[in-house]
Each structure stands twice: as C-alpha cells, then as structure tokens.
Amino acid sequence: MASTRPILAILCLLWPAGAWAALEQADAAGLDFFEKKIRPVLTDKCYKCHSADAEKIKGGLLLDTREGIRRGGDDGPAIVPGHLEESLLIDAIRYQHKDTAMPPEKSGGKLPDAVIHDFEKWVQMGAPDPREGGKKIAVKKEAYEEAKKWWAWQPPQKSTAPVVKNSVWPKTEIDRFLLAGLTAKGLAPVGDADKATLLRRVYFDLIGLPPPPEALEAFLRDTAPDALAKVVDRLLASPQYGERWGRHWLDVARYAESSGKDVNVAFPNAWRYRDYVVAAFNADKPYDQFIREQLAGDLLPAKDDRARADHLVATGFLAIGPKGLNERDPRQFALDVADEQVDTMSQAFLGVTIACARCHDHKFDPIPQRDYYALAGIFLSTDTQYGTAGGIQNRRPTELIELPAAGTQAQIAKSMPTEERRRKEQRLDELKKEQKEIFTERFAAMRAAGGPNGAPPANADPRKQQRVLILVTQIGQLEAELKSFDASGQMKALAMGVRDLPATRPEPAFGRFGGGQFAGPFRQGLGRAPAFASIGDSALYTRGDVDKPGEKVPRGFAEILTKGRAAAIPAGTSGRLQLADWIAAPENPTTSRVMVNRVWHWLFGEGIVPTPDNFGTTGHLPSNQALLDTLAVEFREGGWSVKKLVREIVLSHAYQLASTYDAKSFAVDPENTLHWRMNKRRLDAECIRDAVLVASGQLESTAPAGSAIALAGNGPIGGRAFGVTESTIVDSGTRTNVRSLYLPIARDILPDALSVFDFPEPSLVTGSRETTNVPSQALFMLNSPFIGRASEKVSERVLAAVPNEVNFEQRVQLSYRLIFGRLPSMAEKSAAAQFFNRVPDQPRASDAPARGIAISAPGVTWATYCRALLASAEFRYVD
C-alpha cells in the first residue's frame, strides 16, 4: 500500500481549522425515546424504592431525576451515558448478578428482553433525559388549559408580505418576510453565492448529486435572468429528484428492511414501499393524497389495478416499523405494534408526540391518555401484514398482501423451477408429518398426566422438544418461500401493508399446530390475541400495563387538534380512513405546517421550527411564524404540491445567498435564525458516497429491483440459512456502485459508508439528522479501499481527458471540476504544482509491465492527489 504521507501533505493545504472537533447535539428524538420507552418503566418498576416519594430510599439511589440516575447510589453511577458496561443499572436489569438483580422477583422479576434492549439503546444514545431538579409531576389542570393556547394548536393564518424599504433585494414574498425580520434587528443579508457554488448547492439539494462539468460550463455561460429557473425545472423533472426527496421521507417513515429488536428478521418486501415513495415524489403526488394512501390506501377507491397496487404498497408505511417478534404475549405484541404506529403517524404527519400518553397523560402537551387509546383503538382494529415466517424466536409471523396481477409492479430476478417446487413441497409434507407424530405422542402423554392442557411429562425427551422448535422454523420458512411463487414458478407481487380486521371476532385458529387437541403449551402464543382479533375499541390500560385494562375508549382522534370537528368512525370499520381524512383536512392546524417546515429544513439545513418532528410545547418556537403559516396555507390552497413549494423556496433570494461570515450579524444572530446568510452544511451520508461514485465515473444510474435483503428472502439477518451475512450488508456501500438509496438497510446493521456519516437510526422518526465531524470520518476517507479505488478512477478520467503531461494545469482544473464543481484558485494550482514537484508521479506496480513508465499513466501520485481532494472538508460540505 502506498504511503499516506503525500495525502497528509496536501490535506494540510485543504483542511480547515477545527475540522477534527466532535460536535455534540441534543436530540429531540432521544428525549421522545426516553418519554416513551424509559420513563414509564422507571415509574412503574423503580420509583417505589428509588424516588423522592419512596418510604425508604434503598441503596441511596434516586432514579426520578437525571442528576440522581447519573450520580447513582452507594455503589456508583446507575447510568454512564454512552457506556453500557459502566452503567450499574444495565447490569442490574440484565440479571447478571443475583445480589444486584432488579427489579426483584417480588416486583415482577426480570424485565422483558425488549425493554432491556430499549434501556441499552437509551444509554448508547447518551441517555437523553429531560428531568430537571426534583421529581416531575403530571401537568396540572391549569397548566393543561394554558398549554391549549400553544401556537401550533391554532389554525395557520395567511399574512400579507411586509413592505420593505429595500424593494430591489426581494425576489419573492419569502424574501420580504425574511428581510423585514433582518431590518427589525438592524441587519442585512450578505452577498450572493457565486454561480458555481449556487449550482453545486441546487444540484445536491434537488437530486443529491454533484453537477457534471458540462452543466457547470453551461450555467456559467448562461447570463439570462431565468438561468437558475431553467436548471431548477430540469432537476425537478429528473427521476433523480424522487430518489433524493424520497430518501428524505424514508427518514421520517423509519424505513428499514428488518424488524430489529430482539430478533432481527428480514422484511424482504420492504423495498416496494421505498420505490412507491420515490415514484410519489417524482410524480408530485399531492401531499394530502400521499397521506391518505399511506394510512388507508387499502380503503381508497382506485381507477385501475396499477393504482390499486400503489395504494396497497403505500400502507407499508404502517408495516415497516420495528417489531419484537419474540414477544410471548400476543396482547403485548398487539399493543406495542399499535403504539409504534401511533407514534410514527403522529410525529410524521402532525409533529406531535402522542405516544408519550400511553402510560399517563402527556407530561407537557394537552393530550390525555384517553386520546392516546382512542387512536390506539384504530390501529388495534388493523391487521398489520409484514410477512415474516414463523420459527424459533419469531412467534409473530404474518402473511403478505398479494398485489393485483395487472398492476405491473417491478419484480426481483428470482424464480422457482417446477422440479425445485416439487422437492420443497415434498419436504414440507415430510416435516409436517414428523411434527404431527411428535405432537400425537406428546398429547397422549399429557392426557395421561391430567388432560390436554396438562404439563408435559417429567421424563419428556429434551431432544424431541428441541426438534419441535426446529420443525416450527423449517416449516415456517418453507411455507413462506412456497407462497412467494405462483404455480408457474414466477415470483408473486407481494407487499407489506395493512388491512382492516374482521368486524366480528373469528373462530380461534391455532395455526400449524392443528385444532384444539394441540392447544396449550404447543401453541407457544402464535397467532393474534383473541381480544384484538376484530374491530373494536381499546381499553385504557393503567400505566400502559397489558394486565390492567380499564374502561373502553371509543375510537377517535386527539381533541386538541380536532376541536370536536372530526368525522365519526362508522361501526365495523377501523377508522383509518377517517383518521387519514382528518389529518389531510384543511382545518387541521399542524399538517401543512409540518410538511412545509420539513421542506424548508431539507433546503436550508434547519427548519423554521428547529424541531421538525415536535411542534408541541417541548419543541422550539418558529423563528418566523408569519412566514411559516403563509407558506402552509399557500401549500394547502395550491394543491399540496411539494415540487411547487421547493421551486418557490429555491428561487428566493434567501436561498441564493453566500455562506459568508459577517461579524455584526453573527453577534446578533449566531444561529442564523433570521437567514442573513446561507447555512454551510455537511452533505449527508448518501450524498457523500454518491458524489464519490459520480466523480469517479462509477455510479450506476439504473435503479435496481429490490435489494440484497430482498434477494436473500426470509429469515434472521445474518442467520446460518439466510442468504446475506451481516458483513455483506456492512460492506455493501463499498462493494457496489448503485445509488446509496438502494443499499440494504437492516436495523442495527448498516453499511459502513453510511453509518460513519451519521445515517439515522431507522427505528425512529427522523426529521433532522445529527451532523457530526469526527476523526472516524476522515479516517474512512483516507483509508477506505472504496475511496482508494474511486481515487484511481478519478485520476484515470483526468489523465484520459488530458493525456499530455505538458497540460498539467488542465489536469488540475478538471480534477477540481469533477470533485468540487468549480475551478481551482491560483493558490490551489500553485499548491498542486508544489506537491507534484516534491512527489513525482510513478505508475502503479500493476500498471508498469503493461503501460511502461509514461507519466500519462494513472500513477500513484495522481491517485493520491485525487484522494486528498476527495478526503478534504470542502468535498463533504456544501456552501
């Protein structure tokens, strides 16, 4: 391997001061995670002995405040953020030591594995915890009444753009709103970005890729007033626009191709939802229709089979979330799935954390527990079909939705020849026969011991017990695989999604274990809980405890947002259609605001409301509510067109500003909430990887059908029988040249090329990604074989286009155009010349026999030079 010293030499010329500093961010999603997953467990299981209200505080440990849980008790800190092994609370709940195991047996014993996993994830997230000072109490009645006056609960009002003295600067109404705010503070916007910088910005923002050199040359030559508008219109019409903006929405929709949690089982059909989202953004599907299709597409009318298929695939929004498939109690599983759906729906579309009211009235927003269970009843009346095969540790299998044959849905390249199908059907019959024989034998023994529901005999053969579990898995996998292909051997068009449960409770069925004779211990809790097997209202569960149901709560919506104006839910229906209509209704106060704010965030790096998933009282106030409300009303009245909104914002003068530092403006507004300049932003993980592929000429522009996980099929990710290993997923970003959108995304196992640059946690709604600047990112750019290969390809492009060594300056210029989308300055050209004078180019060892030693060969030094440019901060940032 070539020495990295030449790279480091040139990096000294390119790297800005402070680029190695790590940035810590308080993550609103982390606080929501605490409220939803951690606080309820602490309250229910720990506060009796470890809170200010405890009769006797055991071990000197208080867990009802952030300070208390971090300080710990007699034995040391209960929680050390980011460090599992140093956190005594984690050790206690894992039951690793009998003397310190918590909760004690008399209080319920060891917590479920899924809950322990939540606590581990919380600590790894940095243990975000909003609890200040003393104990937190529920919001009092008067505080609730005050919270109802919060700005987000009031309908948005359109305002006339302010009159400004500087009538020349504004290009749009957006500019007048912003300029008025700046003028009021005695500030003015900085100058405009140069054309090369602006073109690179708009390319990355609209399609997620850098501009090609010919596009830069054309834009620099075009002096017409509408030069930028022509570029914007062309990019909005590009199919790559949907790939960029679809990825934004997939962050919000917590898209992934596996279940995560205790058993990480593949979702091999999740990719259909991904492709639906891309197509929806490319077609500029009205946002209100986009909402309806994702929440209730199965209940909507469709003009033809293709539309019907799209509607069904859209409901994958509700099915792709994380799931604890090893949950023993089917009631708990149903409640957890509904809770995750309430949480995602409310944050994604409404910007409200309604799921925080599962165990108690919302601590901060005027959302009572009754409102939560009114919504939960809608999703408990819904059959979520995610399509995993039953087996060991996967107690919650489901079917998939078969799409209309004429829907012309894309298919992955898999088939099952007739002979293979026959062998597998024969094998399935053999396994079922063996299973029946074991069950018959054990049933007879149980009956002799006291009845069909008696305990297994004490002398039961443990090998046969193990064999039962193996048979369950093998039968489940074979059944799922056979159901994926039609009689001709072609793969069926199957999708994840939802549908309404039956209006009345069906007869109990015990799946592959047969009828009542094999009930009891052999069922292992498989199947849907009878209490949640049909459409109906949810009970209000005390502290969210499945064993403490209270009164039934009629299905409905959050009162603070509906003000009693939502349509009633007809008997015999889940209510999802009415829910979708209410969210998309013009009178809903948050829906249009939330989406406008998301678009603003994706274009400027920060929303008008900096907490895009939380418009509640714990979120931030808008920096310019008049502008937000006006855009929200216009968005709604203009047909809910996202492309139209994007175009309006990008063509504003504010968007076209430079990122220049101004001391006076910074002193008044260091966060740039008034938009006196453009925010300098680091590219996200996908843009960085895709830009490397574009610069090196390797990007495969054709969208693939499915993904590596889709091709592998059903089963635990990385399992012995699964077609894709964990390392294959981790390395996928460096071993394939498809756009990053199409890389396999499994929960807890992400491609390195994405995770190192802050790819979001795909189990959570993420409207705003964290952005860090840490050494591991620079090390990836310096040492990754992926970047090394790309550097060689860039150097080959440069030397092929400019083969004559005499034209050294042209080579440097082309390198800068390919990598930075601009021309080098005189100082940069001089630095390049100094570098090559110190380190003369040499051919790569593998090239020497075939190419000789001509300087035009893509040698080590040119590849090193290109790698240094790719590894620079400028490549990873957009001004």
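Residues numbered from 1 in each chain as written. Predicted model: local features only at pLDDT ≥ 70, side-chain atom pairs only at ≥ 80, totals over all residues. Heavy atoms only, no water.

J.: So what's going on with the overall build of the protein? Which residues, and what values?
T.: Check the secondary structure of the protein and you find 36 helices and eight strands. Of all 879 residues assigned to the protein, the portion counted as buried reaches 56%. When contacts within the protein are restricted to residue pairs at least 6 apart in sequence, long-range pairs at least 24 apart make up 70% of them. Surface summary for the protein: the accessible area is close to 36900 Å², and the carbon and sulfur share equals 53%. (Helix = DSSP H or I, 4+ residues; strand = E, 2+ residues; numbered from the N terminus. Buried < 20%, exposed > 50% of the residue type's maximum accessible area, 1.4 Å probe, protein only. Contact = heavy atoms within 4.5 Å. Areas by Shrake-Rupley, 256 points an atom, 1.4 Å probe, with all protein chains shown as cover.)

J.: So, the packing of aromatic side chains: which residues are in play, and what are the values?
T.: This structure, assessed with the given rule, holds 33 aromatic pairs. Ring geometry for phenylalanine 34 and tryptophan 122: centres 5.7 Å apart, planes at 35°, overall tilted. You can see phenylalanine 34 sitting in helix α2 (residues 28–45) and its partner tryptophan 122 sitting in helix α5 (residues 113–124), a full 88 residues away along the chain. What makes tryptophan 122 buried here is its relative accessible area of 0%. Aromatic pair tyrosine 287 and phenylalanine 635: ring centres 6.0 Å apart, planes at 40°, arrangement tilted. Of the two residues, tyrosine 287 sits in helix α13 (residues 287–296) while phenylalanine 635 sits in helix α23 (residues 625–637), which places them 348 residues apart along the sequence. Per residue, the accessibility class of tyrosine 287 equals that of phenylalanine 635, and both read buried. (Phe/Tyr/Trp six-rings, centres within 6.5 Å; stacked < 30°, edge-to-face > 60°.)

J.: For helix α8 (residues 195–207), give the residues involved together with the corresponding values.
T.: Along its 13 residues, α8 runs 18 Å from first to last C-alpha, staying within 8% of the 18 Å computed at 1.5 Å per residue. Counting buried residues along α8, 11 of its 13 residues qualify, which places the element largely inside the surrounding structure. Among the residues of α8, Ala196, Leu198, Leu199, Arg200, Arg201, Val202, Tyr203, Phe204, Asp205, Leu206 and Ile207 are the ones counted as buried. Near the N-terminus of α8, the side chain that reaches the backbone nitrogen of alanine 196, with its oxygen 3.1 Å away, is that of aspartate 194. Among the residues trailing α8, glycine 208 stands out with phi positive, at a value near 75°. (Expected span 1.5 Å × (residues − 1). Polar contact = N/O pair within 3.5 Å; in protein donor to acceptor, adjacent residues only side chain to side chain.)

J.: Talk me through the packing of helix α16 (residues 330–350) against helix α17 (residues 369–380); I want residue IDs and the actual numbers.
T.: Between α16 and α17, the shortest axis-to-axis distance is 9 Å and the interhelical angle comes to 115°. When the interaxial angle is binned, α16 and α17 end up roughly perpendicular. Considering only the axes of α16 and α17, their crossing is right-handed. On α17, the residues touching Ala334, Leu335, Ala338, Asp339, Gln341, Val342 and Met345 of α16 are Tyr372, Leu375, Ala376, Phe379 and Leu380. (Axes fitted to C-alpha atoms, helices over the stretch in contact; angles between N-to-C directions. Parallel < 35°, antiparallel > 145°, perpendicular 65-115°, else oblique. Left-handed = near helix turned anticlockwise from the far one by under 90°.)

J.: Tell me about the nonpolar core, and please be specific about residues and values.
T.: Core analysis: the biggest nonpolar cluster contains 197 residues, and Val202, Leu206, Trp249, Tyr273, Phe349, Leu603 and Val646 have the highest contact counts within it. Examining the composition of this core, we find that 10 residues originate from one element, α16, more than from any other. For tyrosine 273, the contacting residues outside a window of four places in its chain are Trp249, Leu250, Ala253, Tyr255, Gln294, Val313, Ala314, Gly316, Phe317 and Ile320. In this structure, Phe33, Ala78, Leu89 and Leu111 belong to the second largest nonpolar core, which totals 24 residues. (Core = buried A, V, L, I, M, F, W, Y, C linked by side-chain atoms within 4.5 Å.)

J.: Which residues make up the side chain of threonine 172, and what values go with them?
T.: Within the secondary structure, threonine 172 is located in the loop between α6 (141–147) and α7 (173–184). Residues contacting threonine 172, with those up to four places away along its chain left out, are Glu648, Leu651 and Ser652.

J.: Just give me the short version of α13, but keep the residues and values in it.
T.: For α13, a buried count of nine out of 10 residues is recorded, marking the element as mostly surrounded by other parts of the structure. Burial in α13 covers these residues: Tyr287, Asp288, Phe290, Ile291, Arg292, Glu293, Gln294, Leu295 and Ala296.

J.: For the state of the cysteines, give the residues involved together with the corresponding values.
T.: One way to say it: the disulfide is the covalent bond shared by the sulfur atoms of two cysteines. Here the structure, examined in full by the defined rule, presents zero disulfides. No disulfide involves cysteine 356; its nearest neighbouring cysteine sulfur is the one of cysteine 359, lying 9.7 Å away. On the basis of relative accessible area, cysteine 356 is assigned to the buried category, the value being 8%. (Disulfide = S-S within 2.5 Å.)

J.: Go over the side chain of arginine 636 with me, naming the residues and quoting the values.
T.: Relative to the elements of secondary structure, arginine 636 occurs in helix α23. Side-chain polar atoms of arginine 636 contact the backbone oxygen of proline 586, separated by 3.1 Å.

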